[in-house]
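Geometric and topological summary
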Amino acid sequence: MEGFITFQIEKEQAVYKKFFVYKRQKYPFNFDLIKQNSIYFNDKQHLYSDVNEIQLLSDSEEEIIDISDDTIRNFISICQNDECKINISHMIGLQFLSIKYGVTQLTTKINKYFNENWDEQALNSLLFKSKFSSKNKNFYEEKWQKNFFDSSKEEDFIGKNLN
């Protein structure tokens, strides 16, 4: 007797599982998936072969930036090619992570959102940028200029609100 039978197996848990660590909290992720979407992890994967826990932010960044659990989970989900619903209030933190870790598709999508919604997001952008001290600004200056908001829009926004 000839026939067909259908089988489906469930997706296995991450084989190459690592953890982002932020404020002593661990966030699991599949390193193989993340490095496919992150220029940073793709280029530096050899540095993480024997490391299971990766600090999400440096100590100096952690002093300046507060990133919510939801933002971290969204970042991981997106980098693992999962669709997720993002709270607008988490967009700047998500953008920071996308720039830091070189997740260019995410950076592009967030930049597009901000460009289309500049009037609502300009103040948040300026406040976020103002948190960086001059020593940190030097490190991120090039990335912000390349990937963050168009500074001419900031100047327009400031000019409109100061007059």
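For the structure, check the block above.
Criteria and cut-off values
- Residues numbered from 1 in each chain as written.
- Predicted model: local features only at pLDDT ≥ 70, side-chain atom pairs only at ≥ 80, totals over all residues.
- Heavy atoms only, no water.
- Helix = DSSP H or I, 4+ residues; strand = E, 2+ residues; numbered from the N terminus.
- Buried < 20%, exposed > 50% of the residue type's maximum accessible area, 1.4 Å probe, protein only.
- Contact = heavy atoms within 4.5 Å.
- Pairing = 2+ DSSP bridges.
- Axes fitted to C-alpha atoms, helices over the stretch in contact; angles between N-to-C directions.
- Left-handed = near helix turned anticlockwise from the far one by under 90°.
- Nonpolar A, V, L, I, M, F, W, Y, C, P; charged D, E, K, R; others polar.
- Salt bridge = Lys/Arg side-chain N within 4 Å of Asp/Glu carboxyl O.
- Polar contact = N/O pair within 3.5 Å; in protein donor to acceptor, adjacent residues only side chain to side chain.
- Core = buried A, V, L, I, M, F, W, Y, C linked by side-chain atoms within 4.5 Å.

1. Things to note about the overall build of the protein chain
Along its length, the protein chain carries 9 helices and 3 strands. Each helix and strand of the protein chain, ordered N terminal to C terminal, gives the series β-β-α-α-β-α-α-α-α-α-α-α. Out of the 163 residues belonging to the protein chain, those deemed buried represent 37%. Long-range pairs, those at least 24 residues apart, make up 62% of the contacts in the protein chain with a sequence separation of at least 6.

2. Concerning the sheet that holds strand β3 (residues 53-55)
An order of β2-β1-β3 is seen for the 3 strands of this open sheet, with the pairing classed as mixed. Both outer strands of the open sheet, β2 (25-30) and β3, are each paired with one neighbouring strand and no more. Taken over all neighbouring pairs, the strand axes of this sheet differ in orientation by 35° on average, direction set aside. Across 6 bridges, the pairing between strand β1 (residues 17-22) and β2 is antiparallel. Counterpart to Phe19 in the pairing with β2 is Pro28. Contacts from helix α4 (residues 69-79) reach β1 and β2 within the one sheet, and its direction differs from that of β2 by about 15°.

3. A few points about the packing of helix α5 (residues 91-100) against helix α6 (residues 104-116)
Contact pair α5 / α6: the axes reach a minimum separation of 9 Å and the direction vectors enclose 145°. Both α5 and α6 take part in a crossing whose hand is left-handed. On α6, the residues touching Met91, Ile92, Leu94, Gln95, Ser98 and Ile99 of α5 are Leu106, Thr107, Ile110, Asn111, Tyr113 and Phe114. Along the lines of polarity and charge, the residues of the contact of α5 with α6 split into 8 nonpolar, 4 polar and no charged.

4. Some details on the pairing of β1
Each regular strand displays side chains that alternate between the two surfaces of the sheet. With antiparallel pairing between neighbouring strands as the criterion, β1 and β2 make up a hairpin whose turn holds 2 residues, including Lys23 at a positive phi of roughly 50°. Here 3 bridges tie β1 to β3, and the two strands are oriented parallel to one another. Bridge pairing links Phe19 to Glu53 in β3.

5. Overview of the pattern of salt bridges
Where charged atoms from two side chains of opposite charge come close, those side chains can pair. Counted by the stated rule, this structure contains 6 salt bridges. Across the salt bridge formed by Asp66 and Lys23, the nearest N and O atoms sit 2.9 Å from each other. Within this pair, whereas Asp66 is found in the loop between α3 (59-64) and α4, its partner Lys23 is found in the loop between β1 and β2, the two being separated by 43 residues in sequence. The class of Lys23 is partly exposed, set by a relative accessible area of 45%.

6. A few points about the environment of Gln95
Turning to its location among the elements, Gln95 is positioned in helix α5. Taking the C-alpha atoms as reference points, Gln95 and Thr107, 12 residues apart in sequence, are found 6.0 Å from one another. For Gln95, the side chain forms a polar contact with the side chain of Asn111, separated by 2.4 Å.

7. Some points on α5
A large share of α5 lies buried, amounting to 10 of its 10 residues. Taken residue by residue, α5 has Met91, Ile92, Gly93, Leu94, Gln95, Phe96, Leu97, Ser98, Ile99 and Lys100 as its buried positions.

8. Thoughts on the nonpolar core
The nonpolar side chains of a soluble globular protein tend to be buried, and buried together. Core analysis: the largest hydrophobic core is formed by 29 residues, its most contacted members being Phe20 and Phe75. Among the elements of the structure, β1, β2, α1 (31-37), α4, α5 and α6 are those that each provide at least two residues to this core. At 5 residues, the largest contribution of residues to this core is made by α5. Discounting residues that sit within four places of it in the chain, Phe20 has contacts with Gln25, Lys26, Tyr27, Phe29, Ile34, Phe41, Ile54, Leu56, Phe75, Ile76 and Tyr101.

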